[in-house]
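# Secondary and tertiary structure notes
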Amino acid sequence: MTEVVPHLRAFARGLCGRPDLADDLVQETLLKAWAAQDRFEPGTSMRAWTFVILRNAYLTDMRRNRFRGEYDEGVAERILTAPAGQEEPIHLSDLHRALLTLPPERREALLLVGAGGFSYEEAAEICGCAVGTIKSRVGRARAALTEMLASGNIPRRSASDEAAHRAILDELEEVAAGNLASTRG
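Residues numbered from 1 in each chain as written. Predicted model: local features only at pLDDT ≥ 70, side-chain atom pairs only at ≥ 80, totals over all residues. Heavy atoms only, no water.

This next bit is on the nonpolar core. In this structure, Leu 54, Leu 112 and Ile 134 are the most contacted members of the largest nonpolar core, which totals 32 residues. Within the residue set of this core, elements represented by two or more residues are helix 1 (5-16), helix 2 (19-35), helix 3 (46-64), helix 5 (92-101), helix 6 (104-115), helix 7 (120-127) and helix 8 (131-151). In contact with Leu 112, not counting residues within four places along its chain, are Phe 11, Phe 51, Gly 117, Phe 118, Ala 123, Ile 126 and Cys 127. (Core = buried A, V, L, I, M, F, W, Y, C linked by side-chain atoms within 4.5 Å. Buried < 20%, exposed > 50% of the residue type's maximum accessible area, 1.4 Å probe, protein only. Helix = DSSP H or I, 4+ residues; strand = E, 2+ residues; numbered from the N terminus. Contact = heavy atoms within 4.5 Å.)

Here it is as structure tokens:
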């Protein structure tokens, strides 16, 4: 189970957008997986099984917090201002912020297939939907990101931009390390 932790962290960070919440979600997932270890079917993918648990825990938290809102004046000000022009170079943090503006189901599908390396079939199983639905979500997410990046319609940077940049680089390093380890093993 410890081999899937980096993959869980990367997926959770992509879903939550905040490393602290992602770490809590991964911890909750590991506790649930450990408690339900007798329900794991040997011969199946441990990674896919834990991703399903993580996704369900995330959706439960989202439903629970649906009616709670946090007001952040800095965010409100950024929303009310026009985005920067296209002359500004696109940074990895721009992509990270654009990714966080996608609807959760599209972001989740794109993270599973793009960053997670899951096939469409595996992603569909994790999300509990048809393969065509996953393909559609990934296609629409890619199109939306492409349009945002091409038009420069990306949420503005904040003072914590460096933290967002570092977080996504850390996630990429974890995923790369995990993929390297799985190809050697």
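Read on for the rest.
According to the stated counting rule, one finds 3 aromatic pairs in the structure shown. Where Phe 51 meets Phe 118, the ring centres are 4.8 Å apart and the plane angle is 65°; that geometry is what we call edge-to-face. Of the two residues, Phe 51 is situated in helix 3 and Phe 118 in the loop between helix 6 and helix 7; the sequence distance between them amounts to 67 residues. The exposure class of Phe 118 is buried, given its relative accessible area of 4%. Grouping aromatic residues by their ring pairs yields a cluster made of Phe 11, Phe 51 and Phe 118. The cationic tip of Arg 47 hangs over the ring face of Phe 51; the distance from NZ or CZ to the ring centre is 6.0 Å. (Phe/Tyr/Trp six-rings, centres within 6.5 Å; stacked < 30°, edge-to-face > 60°. Lys NZ or Arg CZ within 6 Å of the ring centre and 35° of its normal.)

Our focus in this paragraph is the packing of helix 6 against helix 7. At a minimum axis separation of 9 Å, helix 6 and helix 7 run at an interaxial angle of 140°. One element, helix 6, and the other, helix 7, form an angle in the oblique class. Like other packed secondary-structure pairs, helix 6 and helix 7 cross with a definite hand, here right-handed. Facing helix 6, whose interface residues are Glu 108, Leu 112 and Val 113, helix 7 presents Tyr 120, Ala 123, Ile 126 and Cys 127. Looking at the contact of helix 6 with helix 7, its residues break down into 6 nonpolar, no polar and 1 charged. (Axes fitted to C-alpha atoms, helices over the stretch in contact; angles between N-to-C directions. Parallel < 35°, antiparallel > 145°, perpendicular 65-115°, else oblique. Left-handed = near helix turned anticlockwise from the far one by under 90°. Nonpolar A, V, L, I, M, F, W, Y, C, P; charged D, E, K, R; others polar.)

A few words on the confidence of the model for the protein chain. Confidence in the prediction for the protein chain averages 77 pLDDT; 69% of positions are at 70 or higher. The lowest-confidence element of the protein chain is helix 9 (residues 161-184), averaging 56 in pLDDT; the highest-confidence one is helix 2, averaging 91. (pLDDT = per-residue confidence, 0-100.)

One pass over the structure, following the stated rule, counts 4 salt bridges. Here Asp 20 and Arg 18 are joined by a salt bridge, their closest N and O atoms 2.7 Å apart. In this structure Asp 20 comes out as partly exposed when scored by relative accessible area, which is 40%. Since its relative accessible area comes to 38%, Arg 18 is described here as partly exposed. (Salt bridge = Lys/Arg side-chain N within 4 Å of Asp/Glu carboxyl O.)

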